[in-house]
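These are the residues of each chain, in order.
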Amino acid sequence: MTAMLDRADLLRMIAKGEGQEQEFKRLIDNQESVAGEIVAFANSDGGVLYVGVEDDGSIVGVADPDVVFHTLTNLCRDRCIPPISPVIEQFSLAGRDVLALTVKPVLNRLKPYRTAGGRFYLRVGRDKKDATGRELMRIAQAAGELHYDESPVLGAGLADLALPAFEAYHRVQFGLTLAEQTAQSGLDLPQLLRNLRLLHDLDGEQTLSIAAVLVFGAEPQRWLPHSRLSAVAFAGDDEDSDILDRREIMGRLPMIIDDTRVFLERNIRMPAREHGFGREDIVLYDRTALGEAVVNAVAHRDYSLSGSQIRVFVFRNRIEVRSPGRLPNSVTLDNIKLGVHAERNRALATLLTQLGYMSAIGTGVPRLIVRLSRQLTGREPEFALVGEELRVRIWVRPTP
């Protein structure tokens, strides 16, 4: 319990009184309450709990510092869930022993925390308060424990679920109809959706997640208008050339993927060589590579960027898939070609894999987009970041 803080600074901090980042306790007479103060700091921006200090800042000290130290240690381990890692220091102030328990965010990243009594607290000013469902969602997102696509879509409830779409997925994934599953398991539809992390109870209301709306929603663009895909075919090599075809592709993500494939098939020209009485069509793009590029954009785009949608542009000399969002985590423009990947949208990637649109092994970029395109055209696709957008350029096969 060697002190690490400066004694003079400590006195100045206590003199400021209780506030957003510090709390005073004369003694530990209610362990659940003290655990709540520690949890509130952990769920917020951290803070210091002083034991042996009155609410008005008077230094009263503690009778047995060792006992208080072990009590605080046990509180953080046994009455905070997950356990909290504190820094506990002992000081002698005005001839009295005071303990300072510091909660540092860098040491406690497993948010949200709760007490053994089941309470989730936040620090607000000089008090702790129960966190609402919305606040818990934000805490979990900020800590990385809840991916953005698992977040709730405010206002979207069970009535906004396209039940036939979910039932079709359920048969593919579990080999049972929804009725058979609920009969065998005893689970109702809401509980089944909760187990799949597709439904949240948010402040007393059942709310679909972003992934649920995008894959199984009756009207996904009503809630997430930027989830559409804009497809444009140009006559030349840039966006200033004439537009030959244009479509705003809407619906659930599987529908968007399928309709984008149809758009590309319609707008990719098919030249041919004449051999006497025969004709040989010349394939300009590897269809598997194009499909992988589109699916990757749909699965991995940043859906928190609400101002832009995926864009697929067909030019005379290439096809570009433009996806909102920069590369996640440790992925770079260089190592993405080697198969390095990080799931931005965990739930969406899982659902699209289960529906057969994606491979679970994460090697689609080098194995399908890069290798297949290079084999057909002799030129590797290009990956570029332009502002907050990732662009994948797949070049056309040269023709005589």
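Before reading on, note that the structure itself is shown above.
Residues numbered from 1 in each chain as written. Predicted model: local features only at pLDDT ≥ 70, side-chain atom pairs only at ≥ 80, totals over all residues. Heavy atoms only, no water.

**Quick look at the overall build of the protein**
Along its length, the protein carries 13 helices and 18 strands. By the compact-globule yardstick of 21 Å for 400 residues, the protein is too spread out, its C-alpha radius of gyration being 29 Å. Each principal axis of the C-alpha distribution contributes one length, and for the protein these read about 105 × 50 × 35 Å. Looking at the protein as a whole, 47% of its 400 residues qualify as buried. Considering only contacts within the protein whose residues lie at least 6 apart along the sequence, 63% involve residues at least 24 apart. Only carbon and sulfur atoms are counted for the fraction: they give 50% of the accessible area of the protein, which is about 19,100 Å². The centroid of the 49 positive side-chain charges in the protein is displaced by 4 Å from the centroid of its 54 negative side-chain charges. (Helix = DSSP H or I, 4+ residues; strand = E, 2+ residues; numbered from the N terminus. Rg over C-alpha atoms; globule rule 2.2 N^0.38 Å. Buried < 20%, exposed > 50% of the residue type's maximum accessible area, 1.4 Å probe, protein only. Contact = heavy atoms within 4.5 Å. Areas by Shrake-Rupley, 256 points an atom, 1.4 Å probe, with all protein chains shown as cover. Lys, Arg positive; Asp, Glu negative; His and termini not counted. Charge placed at Lys NZ, Arg CZ, Asp CG, Glu CD.)

**Here we look at the sheet that holds strand 12 (residues 243-249)**
One open sheet holds the 6 strands; their spatial order is 12-11-15-16-18-17, and the pairing between them is mixed. With partners counted over all chains shown, the strands left at the sheet margins are strand 12 and strand 17 (382-386), one partner each. Averaged over all pairs of adjacent strands, the angle between strand axes in this sheet comes to 15°, irrespective of strand direction. The sheet strands contacting helix 10 (residues 253-267) are strand 11 (229-234), strand 12, strand 15 (310-314) and strand 16 (318-324), and the helix crosses strand 12 at an angle near 170°. Across the sheet, helix 11 (residues 287-300) touches strand 15, strand 16 and strand 18 (389-395), and the angle it forms with strand 16 is around 15°. (Pairing = 2+ DSSP bridges. Axes fitted to C-alpha atoms, helices over the stretch in contact; angles between N-to-C directions.)

**Brief notes about the sheet that holds strand 5 (residues 96-103)**
Spatially, 1-2-5-4 is the arrangement adopted by the 4 strands of the open sheet, whose pairing is mixed. Either end of the sheet is taken by a strand with one partner, and the two such strands are strand 1 (22-25) and strand 4 (86-93). Across the sheet, the axes of successive neighbouring strands diverge by a mean angle of 20°, strand direction being ignored. Its contacts with the sheet place helix 1 (residues 7-15) against strand 1, strand 2 (47-51) and strand 4, and it is angled at close to 95° to strand 4. Contacting strand 1, strand 2 and strand 5, helix 2 (residues 31-43) crosses the sheet at an angle of about 170° to strand 1.

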